[in-house]
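Chain residues, written in single-letter form:
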Amino acid sequence: MDSAAIDGARQPPARMGSRLCTRCGERKAALKRPKTLEQICRECFYVVFEDEIHRTIVDNNLFNSGDRVAIGASGGKDSTVLAYVLSELNRRHKYGLDLFLLSVDEGITGYRDDSLETVKRNEIQYGLPLKIVSYKDLYGWTMDDIVKAIGLKNNCTFCGVFRRQALDRGAALLKVDKIVTGHNADDIAETVLLNILRGDIARLSRCTFITTGEDGPIPRCKPFKYTYEKEIVMYAYFKKLDYFSTECIYSPNAYRGFAREFIKDLERMR
Amino acid sequence: MAAGSAASCGGTGCGSHCSSSSSTAAEDATAESLGRLSVSRECGKCGGGVGAVAVAGGVGLCGECFRAHLFGKFKLAVTSNAMVRPTDSVLLAFSGGPASRVALQFIHEMRSKAIESWDASNSQALPVFGVAVAFVDESVLCSKPKQEIDMAIEDIKSIGFSVGIKAMHITPLEDVFSMASKDGEGRLREAVDMIDDDTGREDFLQCLRMLALQKIALENGYTKIMLGSCASAIACHVLSATVKGQGYSLPADVQYVDTRWEIPVVIPLRDCLARELSLLCELDSLKTQQHLDRPSNGINSLVASFVERLREENPSREHTIVRTAQKLKPFSFNKFSADGYHDFLPSRLRPKFQNVDNDESTFSGILCLICGSPFNESELRNLESTKHKAQKKTDLYTAHCCQSCCFQILPSGGNLYEHFFSLLPEFWTGRVDTVSVSHSLPRDQIEEYLLEDNDDS
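- Looking at an unreviewed UniProt entry, one finds chain B named Cytoplasmic tRNA 2-thiolation protein 2, with Zizania palustris as its source organism.

- The name given to chain A in an unreviewed UniProt entry is tRNA(Ile)-lysidine/2-thiocytidine synthase N-terminal domain-containing protein, with Zizania palustris as the source organism.

### Structural notes on the overall build of chain A
- The helix and strand inventory of chain A stands at 11 helices and eight strands.
- Taking contacts inside chain A between residues at least 6 apart in sequence as the whole, the part at least 24 apart equals 67%.
- Of the roughly 13500 Å² that chain A leaves accessible, carbon and sulfur atoms contribute 52%.
- Considering chain A, the positive charge centre built from 42 side chains and the negative charge centre built from 37 side chains are found 2 Å apart.

### Here's the deal with the overall build of chain B
- Along its length, chain B carries 18 helices and eight strands.
- In chain B, which comprises 457 residues, the share counted as buried stands at 49%.
- Considering only residue pairs separated by 6 or more positions, chain B has 72% of its internal contacts joining residues 24 or more positions apart.
- Of the roughly 21800 Å² of accessible surface on chain B, 50% is carried by carbon and sulfur atoms.

### Thoughts on the sheet that holds strand β6 (residues 178–180) of chain A
All names here are of chain A.
- Taking strand neighbours across the sheet as the criterion, the six strands line up as β5-β4-β3-β6-β8-β7 in an open arrangement whose pairing is mixed. The two strands at the open ends of the sheet, each matched to only one other strand, are β5 (130–134) and β7 (211–212).
- Inspection of the sheet shows strand β4 (residues 98–105) paired to β5 by five bridges, in the parallel sense. Within the sheet, the bridge partner assigned to Leu 102 lies in β5 and is Lys 131.
- The strands that helix α7 (residues 155–174) touches are β3 (68–72), β4, β5, β6 and β8 (220–221); relative to β4, the one it contacts most, it runs at about 140°.

### With respect to the side chain of Thr394(B)
All names here are of chain B.
- Here Thr 394 is to be found in helix α14 (residues 393–399).
- Judged by relative accessible area, which is 9%, Thr 394 ranks as buried.
- Sequence-distant contacts of Thr 394, defined by excluding residues within four places in its chain, comprise Tyr 417, Glu 418 and Phe 421.

### Description of the pattern of salt bridges
All names here are of chain A.
- A full pass over the atoms with the stated rule returns 43 salt bridges over all chains.
- As a salt-bridge pair, Glu 190 and Arg 260 come within 3.1 Å of each other at their nearest N and O atoms. A residue pair is termed long-range when its members are at least 10 positions apart, and Glu 190 in helix α8 (residues 185–198) and Arg 260 in helix α11 (residues 256–269) qualify at 70 residues.
- The buried category is assigned to Glu 190, whose relative accessible area is 2%.
- One connected set of salt bridges, linked through shared partners, spans Arg 33, Lys 35, Glu 38, Glu 52 and Glu 231.

### Quick notes on the interface of chain A and chain B
- Contact residues are listed per partner, giving 17 residues for chain A and 24 residues for chain B.
- Between chain A and chain B, roughly 1800 Å² of surface is buried when both sides are summed, and carbon and sulfur atoms account for 76% of that area.
- It is Leu197(A), Phe262(A) and Arg270(A) in chain A that bury the most area against chain B; as a group they hold 37% of the surface buried on that side.
- Counting across the chain A and chain B interface gives one salt bridge.
- A salt bridge links Asp197(B) to Arg270(A); the shortest N-O distance between them is 2.8 Å.
- Applying the counting criterion to the chain A and chain B interface returns four residue pairs in polar contact (both at pLDDT 80 or more).
- Counting only elements with at least two residues in the side of chain A that touches chain B, the list comes to α8, α9 (201–206) and α11 of chain A.

### Here we look at helix α10 (residues 299–313) of chain B
Residues and elements named next belong to chain B.
- A rise of 1.5 Å per residue sets the reference length of α10, with its 15 residues, at 21 Å; its end C-alpha atoms lie 21 Å apart and thus fit the reference within 8%.
- Every buried residue belonging to α10 is among Ile 299, Asn 300, Leu 302, Val 303, Phe 306, Val 307 and Leu 310, and all of these are buried. What you see down the axis of α10 is that its buried residues fit within an arc of 155°, all on one side.

Calculation notes
Residues numbered from 1 in each chain as written. Chains lettered and ligands numbered in written order. Predicted model: local features only at pLDDT ≥ 70, side-chain atom pairs only at ≥ 80, totals over all residues. Heavy atoms only, no water. Helix = DSSP H or I, 4+ residues; strand = E, 2+ residues; numbered from the N terminus. Contact = heavy atoms within 4.5 Å. Areas by Shrake-Rupley, 256 points an atom, 1.4 Å probe, with all protein chains shown as cover. Lys, Arg positive; Asp, Glu negative; His and termini not counted. Charge placed at Lys NZ, Arg CZ, Asp CG, Glu CD. Buried < 20%, exposed > 50% of the residue type's maximum accessible area, 1.4 Å probe, protein only. Pairing = 2+ DSSP bridges. Axes fitted to C-alpha atoms, helices over the stretch in contact; angles between N-to-C directions. Salt bridge = Lys/Arg side-chain N within 4 Å of Asp/Glu carboxyl O. Buried area = accessible area lost by both parts, 1.4 Å probe. Polar contact = N/O pair within 3.5 Å; in protein donor to acceptor, adjacent residues only side chain to side chain. Expected span 1.5 Å × (residues − 1). Arc of directions from axis to C-beta.

This is how it looks when you write it as structure tokens:
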């Protein structure tokens, strides 16, 4: 790791026509960080992004050395970046974790079958063993079957509940100690809003916890709790990570879309 | 007020003259979402053959029953929360909008009925509460022509007098700044202009409004301030406070009663929706005056648009949001608990106020200097540590502001704080105990000559 990249106190030499990174003062600024609006180079962005996640993990005691940890992997940007960063931090900071990829196949034709191909590539790219559990095997039906039966309203609610159980079952088969998911700050902000709008006090009281299910067999935690979605996208883009970027075909009707649009409008304002 | 006019039949291609049952149902659904019925049906409450004109609680109601429904909510809020004692002198904050117009109408009716009962009573032991109206004139900040402003103010006065109110207080907002200085308008404008954030500016003005009402009430001997805040406004406030990071203090703002102010504040229309109140104004021809309303630009207006979209999707959403916020623990100042306060209440209601409530949030007693929000733990810690090392009064004033006000109201650039606080009304800054910084006066005198930031003395 370049120590100059960590020390952000150096004054950049004056140069005409270029904008230097405000952290290292050496390289050209390549981006404006969504979280802080700092104009920094790619290398410094990698450093601050990874370091903040490391601090979140350490400050919240998310893991113990020797833990077997399943990464909920959908093939999307959050879980792909999570798998990449967690592997990297595990190696760099010697967390001592055994990492696995755990995927759930909900049986959504044209969406999940494609994204699972991405996860299979991640298995090879990151060298992490992969386990796939499917609704078909666990419950005898797919989300396509469910949507045919109930239509396009509230299907996300069903899917979310079933996926949580599927993850638990897959984690039990892998004999892991913890599950980690790629839920980021934007997801949690949307969930807080949704729970207020729906009057779900029980969920509202626990939806911001970084670790949940500690009273159950396999706790799950969210290392990306304070990470902005835009920064995850930026990280994946610059690192050229392989991820599946299409939205679930059933999600346009999701109620969460209301909250998501509202939060995007808020971010434009402040 | 968006009245329910005939809506399209939903794309079946038969046009606006379609009279099929499916088009009637679509029109009903649209009109019902607006709280008003466009198609006649019998009143679901009195069934008296009079056509229903409004929907409330999922039932079509005629005008009289709809009115009684809203008045019932108002009266229940007033009586079950012991909002108004017979000895009280109530100051109603009238904005000119439909909600406070209905509050004015209803409190006047309650008073009229109380007077009738008093007249008929043999003992006449208890007096009847008094009602006055206050309007905070913010026209100094709006760019409308003076003639329009004067006409609007005359309208406001005429509305109050039409209801039989004798005491009307029309107070310019800048009067809040005028105690020590005659140039209240200049100080107000300068303070507002120092705030960069649009939302911060709006929230600051909201705080000034409350300050103005408190000032009117204190100077004229009123014992309660009644606001027309309705469920819709509170739903917007719940979401605004959430996104601004004001979650800790949110419970304080959504209860029926708020006694953290010198003159307690009550909100009897908390369970009524804005569209219901607008509809009542329309049905009863209650005049409103909103010409002086200023457009909103910040987070508050974004939230209002969002809530409107939610309302279109589900008319009950505002109630759900308010119910969610009601589940948060209120503070100890969210009810009247003084000894003897509830003596006038029927005995069946007194136990509600006499039991110690373990479901209240513990309250440290520290309120934000600007917005009055109760301090959370980290704000208290910051205040305590600042008290020990404060070099200037400004440090203490800043430490007495909540994190939200520090972020969105205090001007960016710490060197501007001193000037900003110097503009604020003495009524505000005088609440901060600055005795602990009196030892720093010598530092103030020599500050410009000091070269080091840290002074070991």
